[in-house]
Amino acid sequence: MAETTPVHPVDEIPPTRQLAAFGLQHVLAMYAGAVAVPLIVGGAMKLPPADLAYLITADLLVCGIATLIQCVGFWRFGVRLPIMQGCTFAAVSPMVLIGTTGGGLPAIYGSVIVAGLAIMLLAPVFGRLLRFFPPLVTGTVILIIGVSLLPVAGNWAAGGAGAEDFGEPRNLALAAFVLVVVLGVQRFAPVFLSRIAVLTGIAAGLAVAVPLGFTDFAGVGDADWVGISTPFHFGAPVFEASAIVSMLVVALVCMTETTGDFIAVGELTGRGLKPRALADGLRADGLSTVLGGVFNTFPYTAYAQNVGLVGMTRVRSRWVVAAAGGILVLLGLLPKLGAVVAAIPAPVLGGAGLVMFGTVAASGLRTLAEVDFKGNHNLTVVAVSVAIGLLPVGVPTVYDEFPDWFQTVMHSGISAGCLTAIVLNLLFNHLPARGGSAVAEPGGLAGGGGEEGVEKPREESV
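Residues numbered from 1 in each chain as written. Predicted model: local features only at pLDDT ≥ 70, side-chain atom pairs only at ≥ 80, totals over all residues. Heavy atoms only, no water.

Participant: Residues and numbers for the overall build of the protein, please.
Facilitator: For the protein, the helix and strand inventory stands at 19 helices and two strands. Here the protein holds 462 residues, and 56% of them are scored as buried. Long-range pairs, those at least 24 residues apart, make up 83% of the contacts in the protein between residues at least 6 apart in sequence. (Helix = DSSP H or I, 4+ residues; strand = E, 2+ residues; numbered from the N terminus. Buried < 20%, exposed > 50% of the residue type's maximum accessible area, 1.4 Å probe, protein only. Contact = heavy atoms within 4.5 Å.)

Participant: Mind laying out the pattern of salt bridges, listing which residues take part and the relevant values?
Facilitator: By the definition in use, this model includes four salt bridges. A salt bridge links aspartate 11 to arginine 318; the nearest nitrogen and oxygen atoms lie 2.8 Å apart. Taken together, the positions of aspartate 11 in the segment before helix H1 (16-44) and arginine 318 in helix H13 (residues 318-333) put the pair 307 residues apart, joining distant regions of the chain. In this structure aspartate 11 comes out as partly exposed when scored by relative accessible area, which is 24%. (Salt bridge = Lys/Arg side-chain N within 4 Å of Asp/Glu carboxyl O.)

Participant: Before we move on, could you go through helix H4 (residues 104-127) and cite the residues and values that matter?
Facilitator: Given 3.6 residues per turn, any residue in an α-helix points the same way as the ones three and four places further on. With 24 residues, H4 should cover 34 Å at 1.5 Å per step; its first-to-last C-alpha distance of 34 Å lies within 8% of that length. Of all 24 residues that make up H4, 17 are buried, and the element is covered over most of its length. (Expected span 1.5 Å × (residues − 1).)

Participant: Describe unusual backbone geometry, and please don't skip the residues or the numbers.
Facilitator: Phi at tryptophan 75 is positive, roughly 50°, even though this residue is not glycine. Residue tryptophan 75 is classed as exposed on the basis of its relative accessible area, which comes to 68%. Within the chain, asparagine 296 stands out as a residue other than glycine whose phi angle is a positive 65°. Tracing the backbone shows asparagine 296 in the loop between helix H11 (275-294) and strand S2 (300-302).

Participant: So what's going on with the packing of aromatic side chains? Which residues, and what values?
Facilitator: Geometrically, a pair of aromatic rings is defined through the distance of the ring centres and the angle of the planes. As enumerated under the stated definition, the model contains five aromatic pairs in all. Centroid distance tryptophan 75 to phenylalanine 77: 6.1 Å. Interplanar angle 45°. Geometry classified as tilted. Phenylalanine 77 sits in the buried class, given a relative accessible area of 9%. Within the aromatic cluster, the residues linked to one another by ring pairs are Phe74, Trp75 and Phe77. Note that arginine 170 overlies the ring of phenylalanine 214, its terminal NZ or CZ placed 4.1 Å from the centroid. (Phe/Tyr/Trp six-rings, centres within 6.5 Å; stacked < 30°, edge-to-face > 60°. Lys NZ or Arg CZ within 6 Å of the ring centre and 35° of its normal.)

Participant: Explain the nonpolar core residue by residue, including any values.
Facilitator: Counting residues in each nonpolar core, the largest one holds 113 residues, and the members touching the most others are Ile108 and Phe298. The residues touching isoleucine 108, leaving out its near neighbours within four places in the chain, are Val41, Met45, Met95, Ile98, Gly99 and Phe298. Residues Leu143, Leu368, Val386 and Leu424 belong to the second largest nonpolar core, which totals ten residues. (Core = buried A, V, L, I, M, F, W, Y, C linked by side-chain atoms within 4.5 Å.)

Participant: Outline the packing of helix H10 (residues 241-269) against helix H12 (residues 304-313), listing residues and values.
Facilitator: The geometry of H10 relative to H12 is characterised by a closest axis approach of 10 Å and an angle of 5° between their N-to-C directions. The orientation of H10 with respect to H12, classified from their angle, is roughly parallel. Side by side, H10 and H12 meet where Asp261, Ala264, Val265, Leu268 and Thr269 of the first sit next to Ala304, Val307, Val310 and Gly311 of the second. Residues of the contact of H10 with H12, tallied by class, amount to six nonpolar, two polar and one charged. (Axes fitted to C-alpha atoms, helices over the stretch in contact; angles between N-to-C directions. Parallel < 35°, antiparallel > 145°, perpendicular 65-115°, else oblique. Nonpolar A, V, L, I, M, F, W, Y, C, P; charged D, E, K, R; others polar.)

Participant: So, H11: which residues are in play, and what are the values?
Facilitator: With 20 residues, H11 extends 29 Å between its outermost C-alpha atoms, agreeing within 8% with the 28 Å of an ideal straight helix rising 1.5 Å per residue. Counting buried residues along H11, 17 of its 20 residues qualify, which places the element largely inside the surrounding structure. The positive-phi residue at the C-terminal boundary of H11 is asparagine 296, with phi of around 65°.

Participant: Please provide a residue-by-residue account of the side chain of threonine 259, values included.
Facilitator: Relative to the assigned elements, threonine 259 resides in helix H10. Using a relative accessible area of 0% as the deciding quantity, one classes threonine 259 as buried.

Participant: Talk me through a nonpolar patch on the surface; I want residue IDs and the actual numbers.
Facilitator: A surface patch of nonpolar side chains, about 240 Å² in accessible area, is lined by Leu122, Val125 and Leu252. Following the sequence through the fold, leucine 252 ends up in helix H10. (Patch = residues over 30% accessible without salt bridge, like charges linked within 9 Å, V, L, I, M, F, W, Y side chains within 5 Å. Areas by Shrake-Rupley, 256 points an atom, 1.4 Å probe, with all protein chains shown as cover.)

Participant: Describe the environment of cysteine 87, and please don't skip the residues or the numbers.
Facilitator: Within the fold, cysteine 87 resides in strand S1 (residues 85-87). Given the relative accessible area of 0%, cysteine 87 is considered buried. With 24 residues separating them along the chain, cysteine 87 and cysteine 63 place their C-alpha atoms 7.5 Å apart. Every residue in contact with cysteine 87, bar those within four places of it in the chain, is listed here: Val37, Asp59, Cys63, Thr297, Phe298, Pro299, Tyr300 and Tyr303.

Participant: Please set out the environment of valine 360 residue by residue, giving values where relevant.
Facilitator: Here valine 360 shows up in helix H15 (residues 346-368). Separated by 218 residues in sequence, valine 360 and isoleucine 142 place their C-alpha atoms 6.5 Å apart. In contact with valine 360, other than residues within four places in its own chain, are Ile142, Ile145, Gly146, Ala304, Val307 and Gly308.

This is how it looks when you write it as structure tokens:
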């Protein structure tokens, strides 16, 4: 009999029933974040409710398309890993500034299109930088991603930032109930149910929330059955120099964050990220951002919250996340379905988010366990990077007096921590040692202190 090549878990296609359940779980994990960006930008610009609804459906549609491009891939586009795409929060402040100072939505979309093209052009360059992301850097970045997302889950658990009943005990009790259900299902349920523990917890939480008056489905009746986003709905794009410059800074931040997410998923799935795959994934990010500018939405990036779901469920198939992309396309084309998902109360998502985001942080610690901290400065690299990464998380207003471009980079704890880890790794492990420096032990970057003994990555075309 002819031997068949074993299929990597990333490429396995689960049965249809599991595919749908796992995919819906990913959608629920990222939905609140996905719709938050158009709500924040549209609200700051005081857009009418009809325009806000249009921005949300357009966002969901392009989220789905971007996810499909990233997971399924075509030609040199797509990292082909279980990566969920959504609007980046790094672009919120610049877009609000552009939209409220006279440029409006057309100026936002003009800058978004240029930023997407820039990402596509820079993707091969970033692909060649993968050697500067050893376990010391990747573990630190994954840890920062997880810890910096925990306040998001905390806000959800308390009722959602800005909610009138924020912090009320009943909100936290509902979140705690969901958390207990997720943990109970993961520990005691059969294998299939344990892999959809988050979905089961959200369903149980929703079943409790509805009779207790936590949610209101009135918006479902008001939503249209069908909605199609047409190119340049708000007018032809306007290309303003200042808007383009600020969005190019956002593009660099997004590329740094996305690289960290790609590496994290590569670690979790057991499929190491190669320079070519990184370039293809970033190129897909750029294409999705261009589509965002054309179809009335915003820049796209990998969503870190779904990285935690991959780690927690241990479902590594990229086709599961592709199914989630298909569900998002449906939600974008059928606003009534989107309104049903939007009615899920924040505390329900908060209970599930606590375990998911905690899993990301724990995965970073697991990666750092491979690093040698003896006789080198690696502990300093981790310590300072985590401190810088968590500074804007703990003190959100710390950089408010700085220029806009600086805020764009440093207000994101993920990008701030990632850049710090890269720079410090270069400083301590790549530059020649000076007097007073600890001597790096053999084992190099993958194990610890210096470049000696580092396995040189195989050259690949990007």
